[in-house]
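Overview (structure and organization)
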Amino acid sequence: MKATINNQQIDLSNPLDISIPLTNNEQNPIAWYQNTPEIAPVTMGDWIGKVSEGKSSTNFNNIFFNPHAHGTHTECLGHITRDFYSINQCLKQFFFTAELISVEPKAIGEDLIITKEQIEETLHCNVSTEAIIIRTLPNSESKKHLNYSNSNPPYLEEAAAIYIREKGIQHLLIDLPSVDKEHDEGKLLAHKAFWNVKDVNNVNEDARINCTITEMIYVNNAVKDGSYILNLQIASFENDASPSKPVLYSLE
């Protein structure tokens with residue numbers, strides 16, 4: 001099946017899923033000092049919501065997880081503001097023109113940083129590009145299973161986030177647990193720069209309310225850098241963030 005989006009034809013039969021599934025075992029990625037997610041059948045007395053247990057006609061699981069800590073998620077500026085903003089209200093469109101780039105973070109002191117200069121060199125977008133997808137190098141499949149807590153992962157420097165914002169890009173996707181440094185004393189410089197939030201207690205009128213950041217994606221090495229159509233799927237949570245399923249489609 002083919003479709004035309006923004007005057008560009010895509011093949012809907014060949015989706016490129018760049019999300020990480022949520023599981024209830026040690027294979028699930030973890031960040032921010034959390035335990036593994038929990039997926040378990042409901043129990044009420046001697047009744048267990050699991051068909052294989054022989055007492056239920058359905059599988060009926062409870063799920064306990066944190067969207068920021070347990071896999072691919074999309075967040076809005078409500079992640080950092082005093083006032084409540086919901087990803088379900090901020091993200092109202094779901095197909096975007098996108099550019100995938102690969103960047104090897106630069107060693108600066110004890111940190112690995114994605115710099116503005118690196119983004120400038122690798123991002124070849126035009127005025128119609130709405131989303132950027134950053135794949136960090138090296139790109140091992142271990143990213144899908146890492147425990148990032150207290151590991152000081154790479155991050156995006158503030159100037160790079162400002163550059164991305166000034167290019168008019170509305171949606172930023174990255175294969176790291178955060179665009180900011182793990183221990184940064186709450187500065188959140190890249191988050192604030194991308195959303196143009198100048199005061200988290202009193203959000204400025206020109207803050208980018210309809211823009212999103214998606215973290216903890218994984219882009220297989222077989223997916224080449226270049227232009228795509230992005231389908232950014234979220235669950236309808238009234239929360240600052242939702243687990244998400246970003247899917248790319250190649251342009252014909």
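Remember, predicted model here, so these are calculated numbers, not experimental data.

In this section: the side chain of His 191. With respect to the helices, strands and loops of the structure, His 191 is situated in helix H4 (residues 189-195). A distance of 3.5 Å separates the side chain of His 191 from the side chain of Glu 215, its partner in a polar contact. In this structure, His 191 is in contact with Glu 75, His 79, Ile 80, Ser 178, Val 179, Asp 180, Ile 213 and Glu 215, ignoring residues within four places of it in sequence.

Of the pairings in the sheet, the one linking strand S10 (residues 106-108) to strand S11 (residues 111-114) comprises three bridges and is antiparallel in character. Bridged to Lys 106 within S11 is Ile 113. What sits between the antiparallel neighbours S10 and S11 is a turn of two residues, in which Gly 109 has the positive phi angle 65°. As judged from the two bridges shared by S11 and strand S13 (residues 155-156), these two strands associate in the parallel manner. Counterpart to Ile 113 in the pairing with S13 is Tyr 155.

A word on the packing of aromatic side chains. By the definition in use, this model includes three aromatic pairs. Relative to Tyr 33, the ring of Trp 32 has its centre 6.2 Å away and its plane inclined at 85°; by these criteria the two rings are edge-to-face. Residue Trp 32 is classed as partly exposed on the basis of its relative accessible area, which comes to 26%. Just above the ring of Phe 194 sits the side chain of Arg 208; from NZ or CZ to the centre is 4.6 Å.

Another aspect to go through is helix H3 (residues 158-166). Within H3, the full set of buried residues consists of Ala 160, Ala 161, Tyr 163 and Ile 164. Take H3 and look down its axis: the buried residues cluster within an arc of 160°, on one side only. Elements in contact with the buried residues of H3: S11, helix H2 (116-122), strand S12 (131-136), S13, strand S14 (171-174) and H4. Just downstream of H3, Gly 168 is the residue with a positive phi angle, here 85°.

Further remarks concern the sheet that holds S11. Read across the sheet, three strands follow the order S10-S11-S13 without closing on themselves; strand pairing throughout is mixed. The outermost strands of the open sheet, each flanked by one partner alone, are S10 and S13.

Our next topic: unusual backbone geometry. Trans is the prevailing form of peptide bonds, just as negative phi is the prevailing case for residues other than glycine. The peptide bond linking Leu 137 to Pro 138 adopts the cis configuration, its omega dihedral lying at -5°. Tracing the backbone through its elements, the reader meets Pro 138 in the loop between S12 and S13. With a phi angle near 60°, Met 216 is a residue other than glycine that sits in the positive phi range. Take Met 216: it is sitting in the loop between strand S15 (212-215) and strand S16 (226-234). Residue classification places Met 216 among the buried positions, given a relative accessible area of 2%.

The next thing to look at is the pattern of salt bridges. What the rule picks out here adds up to eight salt bridges. The salt bridge partner of Lys 245 is Asp 17, with a shortest N-O separation of 2.7 Å. In this pair, Lys 245 is assigned in strand S17 (residues 241-250) and Asp 17 in strand S3 (residues 16-17), connecting sequence segments 228 residues apart. Residue classification places Asp 17 among the partly exposed positions, given a relative accessible area of 38%. Its salt-bridge partner being Lys 144, residue Glu 141 comes within 3.4 Å of it at the nearest N-O pair.

Moving on, we get to the nonpolar core. Membership of the largest hydrophobic core comes to 48 residues, with the highest contact counts inside it found for Ile 119, Ile 132, Ile 133, Ile 134, Leu 156, Ile 164 and Leu 172. Among the secondary structure elements, those contributing two or more residues to this core are helix H1 (87-90), strand S9 (95-103), S12, H3, S14, H4 and S16. With five residues, S9 is the largest single contributor of residues to this core. Filtering out sequence-adjacent residues up to four positions away, Ile 119 remains in contact with Ile 101, Ile 114, Ile 132, Ile 134, Ala 160, Tyr 163 and Ile 164.

So, how was this worked out
- Residues numbered from 1 in each chain as written.
- Predicted model: local features only at pLDDT ≥ 70, side-chain atom pairs only at ≥ 80, totals over all residues.
- Heavy atoms only, no water.
- Helix = DSSP H or I, 4+ residues; strand = E, 2+ residues; numbered from the N terminus.
- Polar contact = N/O pair within 3.5 Å; in protein donor to acceptor, adjacent residues only side chain to side chain.
- Contact = heavy atoms within 4.5 Å.
- Pairing = 2+ DSSP bridges.
- Phe/Tyr/Trp six-rings, centres within 6.5 Å; stacked < 30°, edge-to-face > 60°.
- Buried < 20%, exposed > 50% of the residue type's maximum accessible area, 1.4 Å probe, protein only.
- Lys NZ or Arg CZ within 6 Å of the ring centre and 35° of its normal.
- Arc of directions from axis to C-beta.
- Salt bridge = Lys/Arg side-chain N within 4 Å of Asp/Glu carboxyl O.
- Core = buried A, V, L, I, M, F, W, Y, C linked by side-chain atoms within 4.5 Å.

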